[in-house]
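# Secondary and tertiary structure notes
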Amino acid sequence: MTWKLTLPCTKAEAEQLGSDISPLALMDEPPTLMTSEETEESWRLDAYFEAKPGKGEVAALQALVPSAAGAKPVIEQLPEEDWVTLSQQGLEPIHAGRFFVHTPAHRGSAPEGAVALEIDAGRAFGTGQHETTTGCLIALDRLKREGFIARNLVDVGTGTGLLAFAGLRLWPGARATASDIDPVAVEVTRENAAINAVRLGRVPGALDTVTAPGLNHPRLKARAPYDLIIANILAGPLVGLAPSLAKALAPGGRIILAGLLTSQAARVEAAYRREGLRSRFTITRGDWPTLVLRRPR
């Protein structure tokens, strides 16, 4: 990628970009997005492209940051150097419970005893940098510490595969599945699985990958009921998926819900309570709560 487009944005817009870049998924070659804080009041969006962005790409990015209306985007061609490595030097590793999530720029820097996972900041969401992903990792760590055992888990809307990998690190003998509506995300998950020595397959201890919305796939339905369901998506889809996800959760099972704001938590939790689930605990990171619910035995 040799072209960069820069626009000003707000902190709220930067956080939203971390959880939903679906408007860009329809592009033939979606850009890689990175946000950074310049001052307490101002943030910046950098989008990296393989070719010079045209009017359509510029308009799509401007639509993601309404606060920049009227601002002229800065478009520049980068010198021939490894911009991915350079950009990732600014992405510090994330400590979340026992997990240490890092980019290739920090390979080999994990503290002793940490569960290290390497995720390349690239084509899919879920590097661990966003509060929703961090909250899910902390929730997984807490479930393990409390003695919960997952023998059959699924990561719905997997993005990079990170949360599915984390689940397999905690319960290495589990049957594990990662699904996403975006085939690019599933491809990225498979690539990241190889980087993290996660075996692919449909047997216990391996990760199966499926392209599907929610659990709407024969293989996903056949694998139910699940002891553990992870869904780091958005509030609207989480509410819509409540009946199908709750139905697929085994008695005594846990479901981790994220991708929602504090103001949306009550509505999301109510949707799952209507399906018979009960609140277990909540992890809150900034304005982003992670809900953990259980199905009574």
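A brief report on the enclosed structure follows. (Residues numbered from 1 in each chain as written. Predicted model: local features only at pLDDT ≥ 70, side-chain atom pairs only at ≥ 80, totals over all residues. Heavy atoms only, no water.)

Within the protein chain one finds 9 helices and 14 strands. Of all 297 residues assigned to the protein chain, the portion counted as buried reaches 51%. Summarising the internal contacts of the protein chain: among those between residues at least 6 apart in sequence, 67% fall at separations of at least 24. Of the roughly 13,500 Å² that the protein chain leaves accessible, carbon and sulfur atoms contribute 51%. (Helix = DSSP H or I, 4+ residues; strand = E, 2+ residues; numbered from the N terminus. Buried < 20%, exposed > 50% of the residue type's maximum accessible area, 1.4 Å probe, protein only. Contact = heavy atoms within 4.5 Å. Areas by Shrake-Rupley, 256 points an atom, 1.4 Å probe, with all protein chains shown as cover.)

This part takes up the environment of K4. Along the chain, the position of K4 falls in strand β1 (residues 3–9). Its relative accessible area of 14% is what places K4 among the buried residues. In this structure the C-alpha to C-alpha distance between K4 and L33, which are 29 residues apart in sequence, comes to 9.7 Å. Those residues in contact with K4 that sit more than four places away from it in its chain are D46, A47, Y48, V74, I75, E76 and L78.

Turning to helix α9 (residues 265–273), its buried residues are A265, V268, E269, A271 and Y272. Each buried residue of α9 sits inside an arc of 155° when the element is viewed along its axis, so together they form one side. Of the surrounding secondary structure, the elements contacted by the buried residues of α9 are α8 (235–247), β12 (249–258), β13 (278–285) and β14 (288–294). (Arc of directions from axis to C-beta.)

This part covers the side chain of D155. Assignment of secondary structure puts D155 in strand β8 (residues 152–156). The charged side chain of D155 is buried without a salt bridge, its nearest counter-charge being R223 at 12 Å. A polar contact of 3.3 Å, which involves the side chain of D155, links it to the backbone nitrogen of A164. With residues up to four places along the chain from it excluded, the contact list for D155 reads L163, A164, T177, A178, S179 and I230. (Lys, Arg positive; Asp, Glu negative; His and termini not counted. Salt bridge = Lys/Arg side-chain N within 4 Å of Asp/Glu carboxyl O. Polar contact = N/O pair within 3.5 Å; in protein donor to acceptor, adjacent residues only side chain to side chain.)

Right, let's talk about helix α2 (residues 55–64) for a bit. Of all the positions in α2, only V58, L61 and L64 are classed as buried. Looking straight down α2, one finds its buried side chains confined to an arc of 120°; they lie on one side. Among the exposed residues of α2, those pointing more than 90 degrees away from its buried face are K55, G56 and A63.

The subject of this paragraph is the sheet that holds strand β11 (residues 226–232). Think of a sheet as strands paired side by side through backbone hydrogen bonds, with each pair either parallel or antiparallel. As summarised here, the arrangement of the 7 strands in space is β10-β9-β8-β11-β12-β14-β13, forming an open sheet in which the pairing is mixed. Only two strands of the sheet have a single neighbouring strand rather than two, namely β10 (207–211) and β13. Mean inter-strand twist for the sheet, computed between neighbouring axes without regard to direction, equals 15°. For β11 and β12, the ladder comprises 6 bridges, and the chain directions are parallel. Across the sheet, the residue bridging to N232 is A258, located in β12. In this fold α8 packs onto β8, β11 and β12, with an angle of close to 160° to the strand it touches most, β12. (Pairing = 2+ DSSP bridges. Axes fitted to C-alpha atoms, helices over the stretch in contact; angles between N-to-C directions.)

Spatially, the 3 strands line up as an open sheet ordered β5-β6-β7, and their pairing is mixed. Among the strands making up the open sheet, the edge pair consists of β5 (94–96) and β7 (115–118). The sheet shows a mean angle of 20° between the axes of neighbouring strands, taken without regard to direction. As paired strands, β5 and strand β6 (residues 99–102) are joined by 3 bridges and run antiparallel to one another. Across the sheet, residue I94 finds its bridge partner in β6, namely V101. Its contacts with the sheet put helix α5 (residues 162–170) on β6 and β7, and the angle it makes with β7 is roughly 155°.

A separate point is the pattern of salt bridges. The full count for this structure, using the stated rule, is 9 salt bridges. Salt-bridge contacts for E146 lead to R142; the nearest nitrogen and oxygen are separated by 2.9 Å. Residue E146 is classed as partly exposed on the basis of its relative accessible area, which comes to 37%. When the shortest N-O distance is used, the salt bridge between R202 and D208 registers 3.8 Å. When its relative accessible area of 54% is taken as the criterion, R202 is described as exposed. One continuous salt-bridge network, built from bridges that share partners, spans R98, D141 and R145.

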